[in-house]
Amino acid sequence: MIPEVSLSDFSRHLPLSQRGGGGDESTVTNDWRPLAGQCLLLVCDLLDGATGEHWDAPSLRDGWRVRDVAGYLLWRLESSGTDRARSWLRGILIGRGSPARGRRIIAVRLGGADPVVLLRRLRAVAGDRVARRGPHGVAGLCAVIVDGYDIAGSLGRPLAFPSEATGAVALATTLAASTPITAVTRGRALRATDAEWTVGRGPELAGTAESIILFLAGRSGKLPQTGE
């Protein structure tokens, strides 16, 4: 479960240039919907014009295709919490009690849609978030950034999210990381070489925002590099 990230968390742990300006901006910054919508539009632009071969390319999640990741992202953002819980429980039952198989069943079902329809629905969700409709927490932004990086890496294409977005997601995924990942990153400072943030304190591990976030989210086994 992704813990909530507030402006105070964001400012304390992430020394971004965006913090400047003075004043209490918590009423704005704690609402992650517009930023999530903007980032989702970047993912949609990346997928726009993708061929069937691209949609069927293997993703970073074992046994998942790009279309499955996109379908699961749509389910994660479009459905209410109650609907997601019901769908997930049905998926687990069909998957014989396996949460991983349950998630994949949902992903394959939604990812099997016509790519044109899938992309149109993703853009509609992005528009809702930009207009501040839907859940305002950081979990939705995390889903967009992590799955967006997964899709971009699978297609071999660059995807440049704003530093403010990747910094918030890095902090949230650090707090929610699994025990093995936490054991590696505990007492370390994770510094993004292509963004203006550092998460944690201690000896430095440096890497791109993409590499750090995918590692923290369990999508990549490749560690950021030890700093100079």
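Every value quoted in this text rests on a predicted model; they were computed, and no experiment measured them.

**Section: the pairing of strand β1 (residues 189–192)**
- Sheet analysis places β1 next to strand β3 (residues 204–207), joined by four bridges and oriented parallel. Across the sheet, Ala189 pairs through a bridge with Glu204, a residue of β3.
- As defined by bridge partners, β1 adjoins strand β2 (residues 198–199) across two bridges and the pair is classed as antiparallel. Looking across to β2, one finds that Arg191 is bridged to Thr198.
- Hairpin remark: β1 followed by β2, antiparallel, with five residues in the connecting loop.

**Remarks on the nonpolar core**
- Within the largest apolar cluster, 61 residues are counted, with the highest numbers of intra-cluster contacts made by Leu40, Leu47, Leu141, Ile145 and Ile151.
- Elements supplying a minimum of two residues to this core: α3 (33–47), α5 (66–78), α7 (99–111), α8 (115–130), α9 (138–155), α10 (163–176), β1 and α12 (209–216).
- A total of 11 residues in this core trace back to one element, the largest contributor, which is α9.
- Setting aside residues no more than four positions away along its own chain, Leu40 makes contact with Leu73, Leu77, Leu122, Val125, Ala126 and Val144.

**Some details on the pattern of salt bridges**
- All chains considered together, the criterion is met by 11 salt bridges.
- Taking the shortest distance from any N to any O, the salt bridge between Asp68 and Arg65 comes out at 2.9 Å.
- Take Asp68: its relative accessible area is 0%, and that puts it in the buried class.
- On the basis of relative accessibility, which here comes to 27%, the residue Arg65 falls in the partly exposed class.
- Linking Asp128 and Arg133 is a salt bridge whose minimum nitrogen-to-oxygen distance equals 2.8 Å.
- Salt bridges linked by common partners bring Asp56, Arg65, Arg67 and Asp68 together as one network.

**Quick notes on empty space enclosed by the protein**
- All chains considered together, the criterion is met by one cavity of 30 Å³ or more.
- By volume, the largest cavity is sized at about 30 Å³.
- If you go around the largest cavity, the residues you meet are Trp32, Arg33, Ala36, Arg129, Pro135, His136, Gly137, Gly140 and Leu141.
- Here the residues of the lining of the largest cavity sort into four nonpolar, three polar and two charged.

**A closer look at the packing of α3 against α8**
- Where α3 contacts α8, the axes come no closer than 7 Å and their chain directions differ by 155°. With respect to α8, the axis of α3 lies roughly antiparallel. Along this stretch, α3 crosses α8, giving a crossing that reads as left-handed. Across the interface between the two elements, Arg33, Pro34, Gly37, Gln38, Leu40, Leu41, Cys44, Asp45 and Leu47 of α3 pack against Leu119, Leu122, Arg123, Val125, Ala126, Arg129 and Val130 of α8.

**Regarding unusual backbone geometry**
- A positive phi is found at Arg132, a non-glycine position, where the angle reads about 65°.
- Given a relative accessible area of 39%, Arg132 falls into the partly exposed group.

**What about the packing of aromatic side chains?**
- If you walk through the whole model with that rule in mind, you get three aromatic pairs.
- Between the aromatic rings of Trp64 and Tyr72, the centroid separation amounts to 5.4 Å while the plane-to-plane angle is 75°, which identifies the pairing as edge-to-face. Across the pair, Tyr72 and Trp64 agree in class, each one buried.
- When the centroid spacing of 5.0 Å and the interplanar angle of 40° are considered together, the rings of Tyr72 and Trp75 count as tilted. You can see Tyr72 and its partner Trp75 sitting in helix α5, three residues apart, about one turn around the helix. Both residues of the pair, Tyr72 and Trp75, count as buried.
- Linked through ring pairs, Trp64, Tyr72 and Trp75 together constitute an aromatic cluster.

**Topic: the packing of α9 against α12**
- Interhelical geometry of α9 versus α12 gives an angle of 115° and a closest axis separation of 10 Å. Compared by their axis directions, α9 and α12 come out roughly perpendicular. Judged by the sense of rotation from one axis to the other, the crossing of α9 with α12 is left-handed. For the pair α9 and α12, the contacting residues are Ile145, Val146, Tyr149, Asp150 and Gly153 in the first and Ala209, Glu210, Ile213 and Leu214 in the second.
- The residue makeup of the contact of α9 with α12, split by class, is six nonpolar, one polar and two charged.

Cut-offs used in this document
- Residues numbered from 1 in each chain as written.
- Predicted model: local features only at pLDDT ≥ 70, side-chain atom pairs only at ≥ 80, totals over all residues.
- Heavy atoms only, no water.
- Pairing = 2+ DSSP bridges.
- Helix = DSSP H or I, 4+ residues; strand = E, 2+ residues; numbered from the N terminus.
- Core = buried A, V, L, I, M, F, W, Y, C linked by side-chain atoms within 4.5 Å.
- Buried < 20%, exposed > 50% of the residue type's maximum accessible area, 1.4 Å probe, protein only.
- Contact = heavy atoms within 4.5 Å.
- Salt bridge = Lys/Arg side-chain N within 4 Å of Asp/Glu carboxyl O.
- 1 Å grid on protein atoms, 1.4 Å probe; cavity = no way out; pocket = protein on both sides within 12 Å on 5 of 7 lines; lining within 4 Å.
- Points joined across faces, edges and corners; volume = space filled by probe spheres on them.
- Nonpolar A, V, L, I, M, F, W, Y, C, P; charged D, E, K, R; others polar.
- Axes fitted to C-alpha atoms, helices over the stretch in contact; angles between N-to-C directions.
- Parallel < 35°, antiparallel > 145°, perpendicular 65-115°, else oblique.
- Left-handed = near helix turned anticlockwise from the far one by under 90°.
- Phe/Tyr/Trp six-rings, centres within 6.5 Å; stacked < 30°, edge-to-face > 60°.

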